[in-house]
Amino acid sequence: PGQRPPEQMVHEWKNYAVLANPYPILPLHLTIVAGSHTPQQIGVVMEDFLELAYYLEGFTVFYNGPRSGASAPDHLHFQAGMGDHLPFWDDPLVSSGIGKISSGMGEMEVFFSEGLRKFMMIQGYYPDQQSFYDLAGFARLLFQPEFLACHFKGSEDSGSFQEPEWNWLCRYVRGRWSLAIFPRRAHRPACFFQEDPAKRLISPGALDMGGLLIMPRKKDFNRLTEEDVTAVFQEVSPEEKDWNLFRDKFPQIR
């Protein structure tokens, strides 16, 4: 707290500080930081992540795993911003499903994208205030060892728990949950490491995977091509064979 600028307002929630992001990408862009230096490990605080989406209804709450685009792997934090400004929620990207998975409270639908940015979507209608606990039960399937072994890589920056490389987007609107999970195979695309003129400072995180490709240098933005964007997402998303293992394993462990 002593390192924050004096104009930074703070809202305390549980053991987090809800802050205005000093470099906003979305309107009403918030950063929600843990009160101590704790590694980025969504599996430990998944209920907090989903509860936050419930209380910030209409916002997109998002999370970047260690080495998954823009992140601070040594300090647990989430972010949130107005969901209507993220193209992802309006695009018909989900093309295949495995049907419904039942739980004690109801059913969730699980879908898998076959597009350029591969992701898994969990959706369901749960108007009850405690529904984020049930959704967390679905999401915890992702942490079963045999499922993680499909292709997720552990991060060397994640401490003792091998946090996969992934990005999460979540929102809650009028009783309906939508949780999207983007597995990763690379922290950054090849163009990030190349020398000019090929170099592009692109390190896609959750918002980039959701359709807002953020670039810190204007010159990189001005010369970005469709081929560049395609290459970026192909290089950070799972390979087809790994994605098929990921998708096909899911019904076996439910």
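Cut-offs applied
- Residues numbered from 1 in each chain as written.
- Predicted model: local features only at pLDDT ≥ 70, side-chain atom pairs only at ≥ 80, totals over all residues.
- Heavy atoms only, no water.
- Core = buried A, V, L, I, M, F, W, Y, C linked by side-chain atoms within 4.5 Å.
- Buried < 20%, exposed > 50% of the residue type's maximum accessible area, 1.4 Å probe, protein only.
- Helix = DSSP H or I, 4+ residues; strand = E, 2+ residues; numbered from the N terminus.
- Contact = heavy atoms within 4.5 Å.
- Axes fitted to C-alpha atoms, helices over the stretch in contact; angles between N-to-C directions.
- Parallel < 35°, antiparallel > 145°, perpendicular 65-115°, else oblique.
- Left-handed = near helix turned anticlockwise from the far one by under 90°.
- Nonpolar A, V, L, I, M, F, W, Y, C, P; charged D, E, K, R; others polar.

A. The nonpolar core, seen in detail. Residues Phe49, Leu50, Phe78, Trp168, Trp177 and Leu179 are the most contacted members of the largest nonpolar core, which totals 43 residues. With six residues, helix 1 (residues 46–55) is the single largest residue contributor to this core. In this view, Leu179 contacts Phe49, Met120, Met121, Ile122, Leu135, Ala139, Trp168, Leu169 and Cys170; residues no more than four positions away in its chain are not counted. Trp89, Met121, Cys191 and Ala206 belong to the second largest nonpolar core, which has 21 residues in total.

B. Looking closely at the packing of helix 1 against helix 2 (residues 131–139). Interhelical geometry of helix 1 versus helix 2 gives an angle of 135° and a closest axis separation of 9 Å. Viewed along their axes, helix 1 and helix 2 adopt a mutual orientation that is oblique. In the packing of helix 1 onto helix 2, the handedness of the crossing is right-handed. Along its contact with helix 1, which presents Met46, Glu47, Leu50, Glu51 and Tyr54, the element helix 2 presents Phe132, Tyr133, Leu135, Ala136 and Ala139. Of the residues contributing to the contact of helix 1 with helix 2, the split by class is eight nonpolar, no polar and two charged.

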